[in-house]
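So you can see what is in the structure, the chains are spelled out below.
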Amino acid sequence: TGVPEKRMIKTYVECTGIVEVPPGYVYAVHSPVRGFVGPVNQLAGDNVRKGSLLTTIRHQDLIKLQQDFLEQHIQLDLLEKDLERKKTLAEADATSQMAREEVEAAYATAKIRLAALRSELQLIGLDPDQLAESGEVKKELPIYAPITCKLNTVAVNRGRLVNSEDLLYEILDVRHIHLELKVFAKDIPLIKEGQDIEISVSGQNRLIAAEVHRVGPMINPELKTALVHGHLKNEQERLFPGAYV
């Protein structure tokens with residue numbers, strides 16, 4: 001016998017889901033220019049360090065862009081000197097105002113053109129100041145790893161002609177993974193952020209602790225489920241993206 005009292009009874013909401021890498025931790029590597037792929041020495045699953053060379057891209061358009069920049073740089077210098085002479089002559093009434101204005105217009109146009117070429121070089125990862133100083137035209141463009149990570153996809157081979165929209169590599173930062181759980185609509189009112197999650201993964205005879213991070217705002221009308229995002233309590237757990245839980 002005893003005195004009746006109120007207690008919190010733990011219940012479980014059962015569901016299934018998968019281990020995923022958040023979108024912000026998935027990196028797609030593309031070539032900023034059209035060209036032919038150089039050596040490819042990596043395999044899917046390899047670990048790469050940030051800044052390490054993945055491959056190179058070479059094409060005559062890359063050389064042409066650098067040539068245009070150097071020629072425009074020289075042209076701007078000549079126009080600047082010509083403009084100074086025209087200003088001096090105009091002040092001494094030794095040349096017409098129209099001749100001075102023509103040089104000013106040509107100088108302004110050349111300056112805009114050079115700025116555009118400079119931005120284009122920076123966009124593809126080349127240093128315009130270094131190019132202008134050395135005058136050395138690079139024959140190929142290096143492609144570097146954006147982060148220290150694991151290669152998920154190697155989508156190229158040596159010698160392939162690629163465009164900027166073609167995927168070269170897909171890189172996963174697996175240091176942070178999360179759970180995407182499909183919870184039936186009838187159980188969604190029971191789910192709140194911060195609640196405990198226990199997951200089982202095929203091949204492991206134990207439960208892994210996680211917690212509810214976000215509850216999806218929509219019900220899938222076909223599956224009658226909503227998406228619940230969970231975070232592992234121990235980020236060092238060895239789980240593979242795509243694993244069923």
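Within each chain, residues carry numbers counting from 1 in the order of the written sequence. Owing to the predicted nature of the model, reporting of local features is limited to residues with pLDDT of at least 70; listing and counting of side-chain atom pairs is limited to 80 or more, with chain, interface and lining totals taken over all residues. Computation of side-chain values covers all heavy atoms of the structure but excludes hydrogens and water.

J.: Quick question: what am I supposed to make of the overall build of the protein here?
T.: Tallying secondary structure elements over the protein gives three helices and 13 strands in all. We take the radius of gyration over the C-alpha atoms and set the globule estimate at 2.2 Å times the residue count to the 0.38 power. A compact globule built from 245 residues should have a C-alpha radius of gyration of about 18 Å, whereas the protein, at 30 Å, is more than 25% larger. Residue burial is assigned from relative accessible area. The probe radius is 1.4 Å, only protein chains are included, and a residue is buried under 20% of its type maximum, exposed over 50%, and partly exposed in between. Counting over 245 residues, the protein shows a buried share of 33%. Within the protein, contacts between residues at least 6 apart in sequence are counted, and of these 71% link residues at least 24 apart. Note on areas: Shrake-Rupley with a 1.4 Å probe; residue coverage comes only from the protein chains shown. Total accessible area on the protein stands at roughly 16200 Å², and carbon and sulfur atoms take up 52% of it. Averaging the coordinates of the 30 positive side-chain charges in the protein and doing the same for the 35 negative ones gives two points 6 Å apart. Helix numbering and strand numbering both begin at the N terminus, where a helix is a DSSP run of H or I of at least 4 residues and a strand a DSSP run of E of at least 2. Here, residues are in contact when the closest pair of their heavy atoms is within 4.5 Å. As used throughout, the charge tally considers Lys and Arg to be positive and Asp and Glu to be negative, leaving His and the chain termini uncounted. Every charge is mapped to an atom, namely NZ of Lys, CZ of Arg, CG of Asp or CD of Glu.

J.: Mind showing me how you'd approach the side chain of Thr 55 here?
T.: With respect to the helices and strands, the residue Thr 55 is situated in strand E5 (residues 53-58). Overall, Thr 55 belongs to the buried group, its relative accessible area being 2%. We define a polar contact as two N or O atoms separated by no more than 3.5 Å, with the added condition that, inside protein, one atom must be a possible hydrogen donor and the other a possible acceptor, whereas residues neighbouring each other in sequence contribute only through side-chain atom pairs. Separated by 3.5 Å, the side chain of Thr 55 and the backbone oxygen of Gly 38 make a polar contact. Polar contacts involving the side chain of Thr 55 include one to the main-chain carbonyl oxygen of Pro 39, which spans 2.9 Å. Excluding residues within four positions of it along the chain, Thr 55 makes contact with Val 37, Gly 38, Pro 39, Val 40, Leu 141, Pro 142, Ile 143 and Tyr 169.

J.: I keep staring at the pattern of salt bridges and nothing clicks. Help me out?
T.: Two side chains of opposite charge can pair, provided their charged atoms sit close to one another. Within this document, salt bridges are pairs made up of a side-chain nitrogen of Lys or Arg and a carboxyl oxygen of Asp or Glu, the two lying within 4 Å of each other. Here the structure, examined in full by the defined rule, presents 10 salt bridges. Put simply, Arg 206 and Glu 237 hold a salt bridge, and the shortest N to O gap is 2.7 Å. Linking Arg 206 in the loop between strand E11 (196-199) and strand E12 (208-220) with Glu 237 in the segment after strand E13 (225-232), this pair joins segments that are 31 residues apart in sequence. You can call Arg 206 partly exposed: its relative accessible area is 41%. If you follow the salt bridges from partner to partner, you end up with Lys 64, Asp 68 and Arg 113 in one network.

J.: Any chance you could explain the layout of surface pockets here in plain terms?
T.: To find leftover empty space, a probe the size of one water molecule is rolled over the atoms. When its volume is computed, the largest pocket comes out at roughly 790 Å³. A 1.4 Å probe that fits but cannot get out identifies a cavity on a 1 Å grid over protein atoms alone, an open set with protein on both sides within 12 Å along at least five of seven lines counts as a pocket, and a residue lines either if it has an atom within 4 Å of a point. Lining the largest pocket are 27 residues, and of these Tyr 12, Val 13, Asp 196, Ile 197 and Glu 198 sit closest to its centre. Every element with two or more residues in the lining of the largest pocket is listed here: strand E1 (16-20), strand E10 (178-184), E11 and E12. Tallying contributions element by element places E11 first for the lining of the largest pocket, with four residues. For this classification, the nonpolar set comprises Ala, Val, Leu, Ile, Met, Phe, Trp, Tyr, Cys and Pro, the charged set comprises Asp, Glu, Lys and Arg, and every other residue, Gly included, is treated as polar. Grouping the constituent residues of the lining of the largest pocket by class yields 17 nonpolar, five polar and five charged. Grid points are joined across faces, edges and corners, and a volume is the space filled by probe spheres set on the points. A volume near 440 Å³ is recorded for the second largest pocket.

J.: What is the right way to read the nonpolar core from this model?
T.: In summary, soluble globular proteins display a tendency toward joint burial of nonpolar side chains. Joining through side-chain atoms within 4.5 Å is the link that ties buried Ala, Val, Leu, Ile, Met, Phe, Trp, Tyr and Cys residues into a set, and such a set is a nonpolar core. Residues Leu 54, Phe 69, Ile 124, Tyr 169 and Ile 171 are the most contacted members of the largest nonpolar core, which totals 33 residues. For this core, the secondary-structure elements that each account for two or more residues are E5, helix H1 (60-91), helix H2 (97-123), strand E6 (140-144), strand E7 (149-154) and strand E9 (167-172). It is H1 that provides the largest number of residues to this core, a total of seven residues. Contacts of Leu 54, omitting those with residues within four sequence positions, involve Val 29, Pro 39, Gln 42, Val 48, Ile 143, Tyr 144, Ala 145, Tyr 169 and Ile 171. Counting 21 residues, the second-largest nonpolar core is a separate cluster that includes Ile 188, Ile 191, Val 212 and Val 245.

J.: Hey, could you run me through the sheet that holds strand E2 (residues 26-30) in this one?
T.: Backbone-to-backbone hydrogen bonds join strands into a sheet, with any given pair of strands oriented parallel or antiparallel. Here four strands make up an open sheet; going across it, the order is E2-E9-E7-E4 and the pairing antiparallel. Each having just a single partner strand, E2 and strand E4 (47-48) make up the two edges of the open sheet. Two strands qualify as a pair provided DSSP detects at least 2 bridges between them. Here E4 pairs with E7 via two bridges, running antiparallel. Paired with Val 48 across the strands is Cys 149, a residue of E7.

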